[in-house]
Amino acid sequence: MASSKKKTVFFCKECGNESAKWMGQCPACHAWNSFVEQEVRPAAAGSSRSVAATQASVPTSLSDISLSEEDRVSSGIAELDRVLGGGVVPGSMILVGGDPGIGKSTLLLQACREMAAKGQKLIYISGEESLKQIRMRADRLGEFTGDLKLLCETDLTAIGDILRSERPDIVVIDSIQTMVNAEVSGTPGSVSQVRESTAVLLQLSKSLGISIFIVGHVTKEGTVAGPRILEHMVDTVLYFEGDRHASYRILRGVKNRFGSTNEIGVFEMCEGGLKEVSNPSEYLLSGRPEDASGTVTACSIEGTRPILLEIQALVCQTGFGIPRRQSSGADLNRINLLMAVLEKRLGLKLGMCDAYVNIAGGMRIAEPALDLAIAMAVVSSFMNVPVNSRLLAFGEVGLSGEVRGVSQPEQRIREAAKLGYTECVLPRICAQRVGEIKGIRLYPVDSVRDAIALIKK
Ligand code: TYD
Ligand code: MG
């Protein structure tokens, strides 16, 4: 009797943890209600290895491995190279995640065009679009000089055979949620399919030395659909983010075995595809009002690059009993905390005020170095006194209202000086470290009180 019943197993949607029975909370990642049921694959089917197996593996001496093989291949797009840590490492797996429609296919097709033009052998495998649709997109992007092979296929066994016979240098899989591993049960996009399909691709990539870009759609919760385990399997994880209604896009590295993480690449979506934005500060500050209260420029370090941002605050009397606090781009808890510090240490009556804080341009930044600029923007709006539009402020604010040092002050100031800023409010300790910088006057401060006093001048 029991054997006629389908055997099922439960997977955690968040981390891929497996369990024989359903559980309310995952013991591994502590996510609630994350277990989904899935049919168990037939025992005879074997593992993912049978699809990908190519040759017997042989141990190699460390000293015999030549490093020149690891030379990176430039993707031809400087902003993408920056996030990858200098280019594509042969034999690596790169996951590109993002909301549907954000531009993942466009970015990868553009990278393919550049790499094909340089003589790389590429195959773009799509499970989402027909050859005609890809051709139409390619036409929008401009001329393709190199030889780019396209393939519409979702069956991994077939893909494995083609990769083994064609031996390309680089492959794009668009997207992992459409791929099917026939040896595993479950519909495409399910946890087990995504996991096993990635395992097959990993085998192919490592055994044949092919670099594989995998496109992964993101769920509403903000992780790549299917298990988080995907992130553990690949070498590099990039997220493509941005407001779909605004034209700029940010490519963020969150994991990189071959380079630094937290690098960002900035793009703008135009009629003819994605355009690189090599000076994001200028771009993010464009359209800034000159003499308005509640706006202060801050500087955040993203990876190795300083980026100037406009912090906007709007503080007004609340119309209801409970004040409303809202943030877009900055951490709301941090804003509440900063407002509590301003109320307690400076005696400002912010308790009955609504406050809206916005990082213009739609960037999302969690760096505490923005604290001082947020505090100054809130006070500037509260008092309705504009802050000098050529002033930069950065520094972390502590609970006693003290202003603490942050990393790389000199880089932040130089970026501002480059864009014509003339004043900078910064923690005293940072000012001592940087000494003097031409063209910019430094105002070292010990507490928010000192910084606020500068607004009134
Ligand atoms: P796409 O790359 O298909 O997104 P994803 O693969 O992440 O789902 O991006 C599609 C969007 O980009 C679509 O809304 C149209 C827009 N787009 C342009 O604005 N200009 C262009 O040249 C192209 C190719 C797309
Ligand atoms: Mg797509």
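Is there a simple way to think about the overall build of the protein in this case?
The helix and strand tally for the protein stands at 13 helices and 21 strands. Within the protein, the fraction of its 457 residues that count as buried is 49%. A fraction of 68% describes how many contacts in the protein between residues 6 or more apart in sequence connect residues 24 or more apart. Here the protein has roughly 21100 Å² of accessible surface; of this, 52% comes from carbon and sulfur atoms. The positive charge centre, built from 51 side chains, and the negative charge centre, built from 52, are 4 Å apart in the protein.

What is the right way to read the pattern of salt bridges from this model?
Side chains bearing opposite charge may pair, as long as their charged atoms lie close to each other. By the definition in use, this model includes 20 salt bridges. Across the pair Glu-241 and Arg-252 runs a salt bridge whose closest N-O atoms are separated by 3.0 Å. With Glu-241 in strand β9 (residues 236-241) and Arg-252 in strand β10 (residues 248-256), the pair connects residues that are 11 residues apart, well separated along the chain. Note that Arg-428 is salt-bridged to Asp-446, the shortest N-O span being 3.0 Å. Taken together, the residues span a long stretch of sequence, with Arg-428 in helix α12 (residues 428-434) and Asp-446 in the loop between β21 (441-445) and α13 (448-456) at a distance of 18 residues. Members of the salt-bridge network, linked through shared partners, are Glu-241, Arg-252, Glu-302 and Arg-364.

Explain the sheet that holds strand β1 (residues 8-12) to me, please; I cannot follow it from the model alone.
Strand pairing in a sheet is mediated by backbone hydrogen bonds. Such pairs are either parallel or antiparallel. Across the sheet, which stays open at both edges, the three strands sit in the order β2-β1-β3 with antiparallel pairing between neighbours. Edge strands, defined here as strands with exactly one partner in the open sheet, are β2 (18-19) and β3 (35-39). Sheet topology note: the β1/β3 ladder contains five bridges and is antiparallel. Opposite Phe-11, over in β3, you have Val-36 as the bridge partner. Along the sheet face, helix α6 (residues 191-208) touches β1, β2 and β3 and points at about 75° away from the line of β1.

Any chance you could explain α13 here in plain terms?
Note: α-helices contain 3.6 residues per turn, so residues at a spacing of three or four share the same orientation. Within the sequence span of α13, burial applies to Val-448, Ala-451, Ile-452, Leu-454 and Ile-455. Down the axis, α13 shows its buried residues gathered within 150° of arc, on one side only. In this structure, the buried residues of α13 make contact with α9 (332-346), α10 (371-383), β18 (396-397), β19 (403-404), β20 (423-427) and β21.

Mind showing me how you'd approach the side chain of Asp-81 here?
The topology assignment puts Asp-81 in helix α2 (residues 78-84). Among the polar contacts listed, one links the side chain of Asp-81 to the side chain of Ser-74, at a separation of 2.8 Å. Contact partners of Asp-81, with chain neighbours within four places excluded, come to Ser-74, Ser-75, Gly-76, Gly-86 and Gly-87.

I'm lost on the domain arrangement of the protein in this one. Help?
What the domain assignment reports for the protein is domain 1 (1-43), domain 2 (72-278) and domain 3 (286-456). Taking only C-alpha atoms into account, the centre of domain 1 sits 29 Å from that of domain 2.

I would appreciate a short explanation of the site of ligand 1 in the present structure.
As a matter of local geometry, ligand 1 sits amid 15 residues, with Gly-101, Ser-105, Thr-106, Glu-271 and Gly-273 nearest to it. Residue Lys-104 places a main-chain N or O atom 2.8 Å away from an oxygen atom belonging to ligand 1. Glu-271 places a polar main-chain atom, nitrogen or oxygen, 2.7 Å from an oxygen atom of ligand 1. Listing elements by their share of the shell around ligand 1, those giving two or more residues are α3 (104-117), α4 (131-141) and β11 (264-270). When residues in the shell around ligand 1 are grouped by element, the largest group, three residues, is from α3.

Help me understand the packing of aromatic side chains, please; the structure alone is not making it clear to me.
By convention here, two paired aromatic rings are described through the distance between centres and the angle between planes. Enumeration according to the criterion identifies one aromatic pair in this entry. Judged by centre distance (6.0 Å) and plane angle (80°), the rings of Phe-240 and Phe-267 are edge-to-face. Here the residue Phe-240 occupies a position in strand β9, and Phe-267 occupies one in strand β11, the gap between them amounting to 27 residues. One exposure class covers both Phe-240 and Phe-267, and it is buried. The ring of Tyr-421 is capped by Arg-390, whose NZ or CZ atom sits 4.9 Å from the centre of that ring. One Lys or Arg, Arg-412, reaches over the ring of Phe-394 and ends 5.6 Å from the middle of that ring.

It is not clear to me how the pairing of strand β15 (residues 325-328) should be interpreted in this structure. Could you clarify?
Regular strands place their side chains on alternate faces of the sheet. Here β15 runs beside strand β16 (residues 353-359); their pairing, made up of four bridges, is parallel. Within β16, the position partnered with Arg-325 by the bridge is Ala-355. Read from β15 through α9 to β16, the crossover connection turns out left-handed.

Where do I start with the pairing of strand β8 (residues 211-217) in this structure?
Buried residues dominate β8, accounting for seven of its seven residues. Alternating positions in β8 separate into two faces, Ser-211, Phe-213, Val-215 and His-217 on one and Ile-212, Ile-214 and Gly-216 on the other, with burial throughout. Across six bridges, the pairing between strand β4 (residues 93-98) and β8 is parallel. The partner of Val-96 across the bridge, within β8, is Val-215. Looking at chain direction, strand β7 (residues 170-174) and β8 are connected through four bridges and run parallel.

What counts, and at which threshold
Residues numbered from 1 in each chain as written. Chains lettered and ligands numbered in written order. Predicted model: local features only at pLDDT ≥ 70, side-chain atom pairs only at ≥ 80, totals over all residues. Heavy atoms only, no water. Helix = DSSP H or I, 4+ residues; strand = E, 2+ residues; numbered from the N terminus. Buried < 20%, exposed > 50% of the residue type's maximum accessible area, 1.4 Å probe, protein only. Contact = heavy atoms within 4.5 Å. Areas by Shrake-Rupley, 256 points an atom, 1.4 Å probe, with all protein chains shown as cover. Lys, Arg positive; Asp, Glu negative; His and termini not counted. Charge placed at Lys NZ, Arg CZ, Asp CG, Glu CD. Salt bridge = Lys/Arg side-chain N within 4 Å of Asp/Glu carboxyl O. Pairing = 2+ DSSP bridges. Axes fitted to C-alpha atoms, helices over the stretch in contact; angles between N-to-C directions. Arc of directions from axis to C-beta. Polar contact = N/O pair within 3.5 Å; in protein donor to acceptor, adjacent residues only side chain to side chain. Domains from an automatic or database assignment. Near = heavy atom within 4 Å. Phe/Tyr/Trp six-rings, centres within 6.5 Å; stacked < 30°, edge-to-face > 60°. Lys NZ or Arg CZ within 6 Å of the ring centre and 35° of its normal. Right-handed = clockwise from strand over helix to strand, strands pointing away.

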